[in-house]
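Residue-level structure breakdown
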Amino acid sequence: MTEKLLLAEQKELLKSIKSAHKELLTKTRYSLDKSLLEQHINNSHDFENAYFKATLINAFYSTRMGADLVYQAARHIANIHNQNLIKQIIQKNSIDEDDLNNINTFCHKKLSRDKLNENREDYNPYSFFTKYLAIHDRIVNKKEESKLPIYDTLVEKVINSSDLVAGRFNLRNYSSLFKTLNIIGEYYGGFSSIDNILWTLGRFIFQNKQKKEDQILIFKRRLSSGSISELVKEIILMQ
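All of the points below concern the structure found in this document. None of these values were measured; they are calculated from a predicted model.

What counts as what
Residues numbered from 1 in each chain as written. Predicted model: local features only at pLDDT ≥ 70, side-chain atom pairs only at ≥ 80, totals over all residues. Heavy atoms only, no water. Core = buried A, V, L, I, M, F, W, Y, C linked by side-chain atoms within 4.5 Å. Buried < 20%, exposed > 50% of the residue type's maximum accessible area, 1.4 Å probe, protein only. Contact = heavy atoms within 4.5 Å. Salt bridge = Lys/Arg side-chain N within 4 Å of Asp/Glu carboxyl O. Helix = DSSP H or I, 4+ residues; strand = E, 2+ residues; numbered from the N terminus. 1 Å grid on protein atoms, 1.4 Å probe; cavity = no way out; pocket = protein on both sides within 12 Å on 5 of 7 lines; lining within 4 Å. Points joined across faces, edges and corners; volume = space filled by probe spheres on them. Nonpolar A, V, L, I, M, F, W, Y, C, P; charged D, E, K, R; others polar. Arc of directions from axis to C-beta.

We now examine the nonpolar core. Ranked by internal contacts, the top residues of the largest apolar core, which has 56 residues, are L37, I77, F106, C107, F128, L148 and Y174. Excluding its chain neighbours within four sequence positions, the residues that come into contact with I77 are H45, A50, N82, Q83, I86, F106, F128, F129 and Y132.

Applying the stated criterion across every chain yields a total of 10 salt bridges. In this structure, E156 engages R172 in a salt bridge whose closest nitrogen and oxygen atoms are separated by 3.9 Å. Placement of the pair is E156 in helix α8 (residues 153–160) and R172 in the loop between α8 and α9 (174–188), with a sequence separation of 16 residues. The class for E156 is buried, based on a relative accessible area of 15%. We classify R172 as partly exposed; its relative accessible area is 44%. A single network of salt bridges, built from pairs that share partners, joins K92, D96 and D99.

Put simply, the largest pocket is a space of about 1,400 Å³. Along the walls of the largest pocket sit 49 residues, with H21, Y61, I150, D195 and N196 positioned nearest its centre. Elements with a minimum of two residues in the lining of the largest pocket: α1 (11–27), α2 (30–40), α7 (126–140), α8 and α10 (191–206). Grouping the amino acids of the lining of the largest pocket by side-chain chemistry returns 20 nonpolar, 12 polar and 17 charged. Surrounding the second largest pocket, Q91, K92, N93, S94, I95, D137, R138, N141, K143, E145, K147 and F178 form its lining. Partitioned by chemical class, the residues of the lining of the second largest pocket number two nonpolar, four polar and six charged.

Here we come to helix α6 (residues 97–107). All of the buried residues in α6 are D99, L100, I103, N104, F106 and C107. All buried residues of α6 project into a common sector of 160° when viewed along the axis, lining one side. Turned more than 90 degrees away from the buried face of α6, the exposed residues are D98 and T105.

As C-alpha cells, this is what we get:
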C-alpha cells in the first residue's frame, strides 16, 4: 500500500503475519475447527454429506447463514450436476477457463431467506460456496495450498484499499477472484497463504475498534521500530 502499509515490499511483515496466523490457530478454537474439518471432509457430496459438512463450514468460518439457508445450500451442492462438477474440479490438477465459468455459475446460486417461499431467491451465499470448494480441495488433496481461492470480505477490503495490484477488482465474480489472487499468489505463496495473510491483516485493520487510519499508523510504527513481535502479539490478541 503506497503510503499506507507498502505490503508488497514488506517481506518481513508478511512472514510475521503468516507466523501470527499459525499462532492464532494454536491458541484459539481455529485449531480444533481445522482438525474436525480434516476428519470429516471428503469428496462425496450427496445431500446428507453436504448438509453435515456445510453446517460445520458455516459455523467454523462464520458465514452467518441460518440453518434454513445452510439446508438450501446443501441441496444446491447435492444436485447431481453440481456433485459431479465439484468432484471433477477437486480431482483436477489445474483450473481452466471452462472450469472458472462452471464454478462461477455454481457459486452464484441464489437462495431464499423467506422460509415460506423458497422461490424468492434473494440471497447469494457466494463466500460460503467458495469456502466449501477451497476447503474440500485442500483437505481432500492433502495439500497446504488449495488450487481454488476463497472470497472473503476482509481480504477484498485489504486488496481494494492497497496497491498490491493496480486498480480495483470485482472479486465477487469467481473468474476475476481467481485471476486476481493468482497474480498476487505469485508473491505470497498460493491461495491459502493469501487468504491467511490478508484475512489476518484485515482483522487488525478493519475489525479493531480504532479507526483504519490509526491502525495503519500502528503498522507503520511497528515496522519503523522493528517491533514485529509486538505486531504479531496484537494480531493474536484480537478475538
